[in-house]
Structures are given as C-alpha cells and as structure tokens.
Amino acid sequence: METGVIIVGAGPVGLMLAGELHLGGVKVTVFDKTTAPSGESRALGFNRRAAESLDQRGLLPRLGQFRWGPMGHFGGVRFDLGMLDEDHSGVLGLSQARTEDMLGGWLADLGVPVRRGCEVTGVREEPDGVLVSFTGPEGPGQAHARYVVGCDGPQSTVRTAAGIPARQWQATRGMYTAEITGVQLRPRPIGERLPGGHMVVCTPLGEGRYRIVVHDKTLPPQQDPDQLTFPQIADAWQRLTGESIHHAEAQWMWACGNAAGLAQEYRHGRVLLAGDAAHAMPPLAAWGLSAGLQDAANLGWKLAAVLAGWAPAHLLDTYHGERHPIGEQLIRNAQAASLLYLGDADMDPLRGVLGELMEHKEAAGHLAGIVSGLGIGYAMGPGEHPLLGRRMPPGRQLARPDGSLTRVADLLHPARGVLIATESADGAGKAARLAEEWVDRVDIVTGTWTDHPDHSDGPGDAALEAVLIRPDGYVAWTCPGSDSDLTDVLGDWFGAPRAAAPPAPGATHRTGA
C-alpha cells in the first residue's frame, strides 16, 4: 500500500487533518485501532478560533444545532465577553462524539478512507518515506507513505516509535467524570468550590442528562480508567455534596489526573505530531481539542504544499516554529487556570485581584484571547497593521463586482491562499497584478468591504486595501500596514512564481461574478 500521508488516530484532530490534506490534493489514509467511534462525549465543545477553523471549511452547518457561550472565565474567575469588540464566545455543550461524527461524515463525502481496527505498532523512516507496521483485522501488515502524522493521543505510539522525546509533568491529583441520567441535579456549570481544595461540576446536557466532574484531593492521581466503577463516583459525589446519585445510570465515565506533556519536536524528519500526541494536558474547557484542531489547520496546507512540489524549503519547519510555542503556552495557561480553579481558600486574594483586573477591557481582552484562541499571532515580518500575523476575522464581508456578498470564511473553503484586493485602490490593483504569478496556488478576489456589525471597531476594521490570507486564515501581508514586499511574502509562503504555467486543477481567479 502506498499513499501520500498516513494519519494515525481517527479522533477530531486526525479527521480534520485528513480533510485538510485531501483539499490540498494529497492521497491520505487514516488508521485507528478502534473498530468504531467510541461515542464518548469527552470535550464538550471548542473555543472560538477552533469554530472559525471549521467555518473556514464550511463545516459548522454540518454540526446542526449548537449553542455559543455568552460568558467567559479563566480558572473560574469570570469576565464579561460583552465588553469586548469581537465575539470571543465558544461552542458549549457539544459532545466530542458529535464533532467526530461530523468530521467522519465529511471524510466519507470526500472519499478519504478511515481504516478502523488497524493498530499501528511501528514507524520506521526510510530515504523516500516512512514504513508503518500495523496489526489489522487480517493480521499484521505494512504500509508506506511519504509522511506520517501521529494524532494518536497522549501515549502516542508514533511519537514513541519515532524517538521524539517529550517533557512530562506528573499527575498530582485525580478527578472523576461521568455522564448520568435518572437524577435531578442543581447545575454548577463552571464548578462549585468546596472547602479543602475540592470542587464539583454539574453541566446539564438536555433530556435529563448531566455531565458531572468530581475534583477530590483524596482521589488517586493515576487511577486506571478501566477500573473505575460508578459506585466510586457516586460515593465521591455524596462525600463532597451530601447528595446521593447512586440510583443514577452512568452513560459514560472516566478517571484521569492532571498530568501534562509536550513533545520536544512537532516534526522529526518525515514524522509529525498534532493534537494530544504533541501537547497533552488535563481536561479544561476543551482547550486541548481546540488547539489540536488548529494544529490540523496549520499543518494541513503546508504538508500538502510539500507533496505538491511548490512549497518553499522552510515551509514545513514553520509548523513546529508556529505551533510548538502555542503548545508551551497552552500547558502553562492550563496549569495557571487549574491553580485558580482548584485551589483552596488561600487563593481567594488572588482571585479577587484578578477579578478586579477583569473589569478592565484590555486585561479581559488578553485573557479572553487566551481562552478563545483569538489572541494567537504568528511572525509575518515587519508592519503595523493590527491584523498582520493574526487571523482574518472570518465574518468580514465583501461586496463583489456582481453585487453579491461573500464572507472571508467562504473564500477559504478550498483551503487555498486568498488575496483580497479592494476596487478603486492603486495599492490593491498592483497587488492583484503581482499575485497573478501565483494564481495556481492563490485565489485573487476583488470587491469592496462592507460594514459588519459583529466586528465593529475590532482589528479587522482597520484600513485595508489589500490582504493576503494563508489557507489557515492568518494574514501574511496587508496594504497598507506591511513593510514587506508582496512578491517576497508570496515566495515565502507559496513558493516560486509560475507565470508561464497554466492554472492547476481547481485554481480560480475570482475577479468577477
């Protein structure tokens, strides 16, 4: 078996990455040791930037009905998202099973194979690719690919087989999680702190179903989740709350600790890591899932460019360069939030001071950017425009020459670069002419910005005659506001110009209707 990329792990990150690679023209196969999706809820939603990443591929409508969270908090210290210029609210109460089901349906529509019941046992890099050993329904086998990406969780087989070291933070406390029915409980959606550094969480999921979490300092930090029983969870809940839930029915339960891990390299030759295989952390507000989906959006187009043959030599290295610092920040922020969240009364003075800071827009905006992912920025060269290196607000709207309206998110559905040039602007016209030499990799779109109330006074409303947006939605160049030459920036991210080459299949030049 020969393929461009083998992805190990059919969780949300692996499925998202497979779709991204397919959009880039890559033949990709997903391996997973389970015979079917688990159906477990696990992460209940994802943050704003992860939602935007899905929106950029037209995937949000596939999720059906879901709700946005109107308030934010960092470690249980609330701040009002309504005071901010942009909407930082995330998707709440959406089970990971629904996200996986949606992404799995997307891959099925694209024709991307997911080989279930195939457990990867070894990874060996060769001069022209990677040899993957596995055990499947028909016994042992091998498959060859140009690259392999491990999306196989905190205990990643791919990471271990590739010899990629990881820094580990050992668990110091444990927690129990369960989804239950058959009881009526008082909601405690962001947690109820109890004396002695304990906490209980109760999130209503609708139709008489609740997600409960027990943070009890006496729980073992490294309990085997397969050995957990519901009476243990019910006993712990009653010990902390005085409420008996022993008569409830557990739909799903899990034991875990607050261990964390960070891979030293996200790329080791032809082996790459994403999601929990790259950065593992305790479950906290779906931060890990959110970061993993963004890993996939960052890596997919770059790896596809390498396999297509037009990527600059450094492009794949920028995956580690951009996402590894985010992984470091993710673990630091999660540990800080956990101290605030689970600390006893000794932390109350700090909570009070932080609460006062959160009344100030700038401070609230900084923490909201951490939680939502909207604060992420990458180095894109010198310049003063507030969008340079940041994500392009996907709701920004453009009036096209034919009178139709389109959002930035819609322009990114094909996972290609986009140069937006506004009409009747000299700088924009020059940019569009220069970008013609990259039209096989970058779509050129003309139009006029319209007012967009969801982003009034936000960074996306600064003067913008032309903007170059990477396939993952981040701004690589602006006019005005960027001090780099556009041809240099296009070369840095999209390779050498191909003025004489005909457009590749799927390339478009969208200057008209």
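Computed from a predicted model, the values in this text were never measured in an experiment.

Student: Requested: an account of the pattern of salt bridges, with residues and values cited.
Tutor: Close approach of charged atoms lets side chains of opposite charge pair. For the coordinates displayed, the defined rule picks out 27 salt bridges. Between arginine 391 and glutamate 52 there is a salt bridge, with the nearest N and O atoms lying 2.9 Å from each other. Pair noted here: arginine 391 is in the loop between helix H9 (361–372) and strand S22 (397–399) and glutamate 52 is in helix H2 (residues 48–55), with a separation of 339 residues, a long-range link. Under the relative-accessibility criterion, arginine 391 is labelled buried at 4%. Residue classification places glutamate 52 among the buried positions, given a relative accessible area of 6%. In this structure, arginine 267 engages aspartate 317 in a salt bridge whose closest nitrogen and oxygen atoms are separated by 2.7 Å.

Student: Outline the packing of helix H11 (residues 426–435) against helix H12 (residues 486–494), supporting the account with residue identities and numerical values.
Tutor: Contact geometry of H11 with H12 gives a least axis separation of 10 Å together with a crossing angle of 40 degrees. As judged from the angle between their axes, H11 and H12 are oblique. As H11 packs across H12, the resulting crossing turns out to be right-handed. From H11, Ala431, Leu434 and Ala435 reach across to H12, where they touch Leu486, Thr487 and Leu490. Residues belonging to the contact of H11 with H12 are distributed by class as follows: 5 nonpolar, 1 polar and no charged.

Student: So what about the layout of surface pockets? Which residues, and what values?
Tutor: Space inside the second largest pocket adds up to approximately 740 Å³. Along its surface, the second largest pocket is lined by 31 residues, and Gly369, Leu374, Gly375, Ile376 and Arg390 are the ones closest to its centre. Those elements giving two or more residues to the lining of the second largest pocket turn out to be helix H6 (287–308), helix H7 (317–342) and H9. Looking at side-chain class alone, the lining of the second largest pocket contains 12 nonpolar, 12 polar and 7 charged residues.

Cut-offs used in this document
- Residues numbered from 1 in each chain as written.
- Predicted model: local features only at pLDDT ≥ 70, side-chain atom pairs only at ≥ 80, totals over all residues.
- Heavy atoms only, no water.
- Salt bridge = Lys/Arg side-chain N within 4 Å of Asp/Glu carboxyl O.
- Helix = DSSP H or I, 4+ residues; strand = E, 2+ residues; numbered from the N terminus.
- Buried < 20%, exposed > 50% of the residue type's maximum accessible area, 1.4 Å probe, protein only.
- Axes fitted to C-alpha atoms, helices over the stretch in contact; angles between N-to-C directions.
- Parallel < 35°, antiparallel > 145°, perpendicular 65-115°, else oblique.
- Left-handed = near helix turned anticlockwise from the far one by under 90°.
- Contact = heavy atoms within 4.5 Å.
- Nonpolar A, V, L, I, M, F, W, Y, C, P; charged D, E, K, R; others polar.
- 1 Å grid on protein atoms, 1.4 Å probe; cavity = no way out; pocket = protein on both sides within 12 Å on 5 of 7 lines; lining within 4 Å.
- Points joined across faces, edges and corners; volume = space filled by probe spheres on them.

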